[in-house]
Amino acid sequence: EGEGHDRMDIRFPGQQKELVKAALDAASADTRVVLLLFNGGTIALEDLLLDTRLAIVECWFPGATGGTAIANAVFGANKFGKLPVTYYAYNYTEISVFEDMNMTTGVGRTYKYLTDDPL
């Protein structure tokens, strides 16, 4: 994703979800797997949320010193905060009318007006 390369849906592109599932399959039953997401927009994660061994960290595009900040967060040197966005179900783009900018139309937008269940 990037300038001039908008995604048509919010699912993982390419084989990325299969890679996460392969890492979970390779890990033992009591091993935690940490998924670091580096992306600029929402990603659908529903089926990955079913595996309780998976910890998901949304890193966004962190900038030059972001790697250090993320490593500190993953290894316990600092604590996490709240996300600045609402995570929607994978079909949110199919059930929403994006030409209508009203926050309450359809299933609604943002945590404040969403009538569907957020992730």
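Quantities reported herein were computed from a predicted structural model and do not represent experimental measurements.

For the rest of this paragraph, the subject is helix 2 (residues 66-74). Turning to helix 2, its buried residues number three or more, namely Gly66, Ile70 and Ala73. For helix 2, the arc enclosing every buried residue in end-on projection is 60°, short of the 170-degree limit, so these residues lie on one face. Following helix 2 by one or two positions, Gly76 adopts a phi angle in the positive range, close to 90°.

With that settled, consider the layout of surface pockets. Computed from the structure, the second largest pocket encloses a volume of approximately 280 Å³. Elements that contribute at least two residues to the lining of the second largest pocket include exactly helix 1 (16-26) and strand 1 (33-37). Top contributing element to the lining of the second largest pocket by residue count: strand 1, with 5 residues.

By size, the foremost hydrophobic cluster in this structure holds 12 residues: Phe12, Val20, Leu24, Ala27, Val33, Leu35, Leu37, Ile43, Leu45, Leu48, Leu54 and Tyr87. The residues contacting Phe12, other than those within four sequence positions of it, are Lys17, Leu35, Leu37, Ile43, Ala44, Leu45 and Leu48.

A separate point is the environment of Met103. Structurally, the position occupied by Met103 is in the loop between helix 3 (92-95) and helix 4 (110-113). What makes Met103 partly exposed here is its relative accessible area of 33%. Taking the C-alpha atoms as reference points, Met103 and Leu48, 55 residues apart in sequence, are found 28 Å from one another. Each residue touching Met103, except ones within four places of it in the same chain, is listed here: Gly108, Arg109, Thr110 and Tyr113.

Moving on: the environment of Leu48. With respect to the helices and strands, Leu48 occurs in the loop between strand 1 and strand 2 (54-58). Sequence separation between Leu48 and Lys21 is 27 residues, and the spatial gap between their C-alpha atoms is 8.1 Å. If we skip the residues at most four places from it in the chain, Leu48 touches Phe12, Lys17, Val20, Lys21, Leu35 and Leu54.

About the thresholds
- Residues numbered from 1 in each chain as written.
- Predicted model: local features only at pLDDT ≥ 70, side-chain atom pairs only at ≥ 80, totals over all residues.
- Heavy atoms only, no water.
- Buried < 20%, exposed > 50% of the residue type's maximum accessible area, 1.4 Å probe, protein only.
- Helix = DSSP H or I, 4+ residues; strand = E, 2+ residues; numbered from the N terminus.
- Arc of directions from axis to C-beta.
- 1 Å grid on protein atoms, 1.4 Å probe; cavity = no way out; pocket = protein on both sides within 12 Å on 5 of 7 lines; lining within 4 Å.
- Points joined across faces, edges and corners; volume = space filled by probe spheres on them.
- Core = buried A, V, L, I, M, F, W, Y, C linked by side-chain atoms within 4.5 Å.
- Contact = heavy atoms within 4.5 Å.

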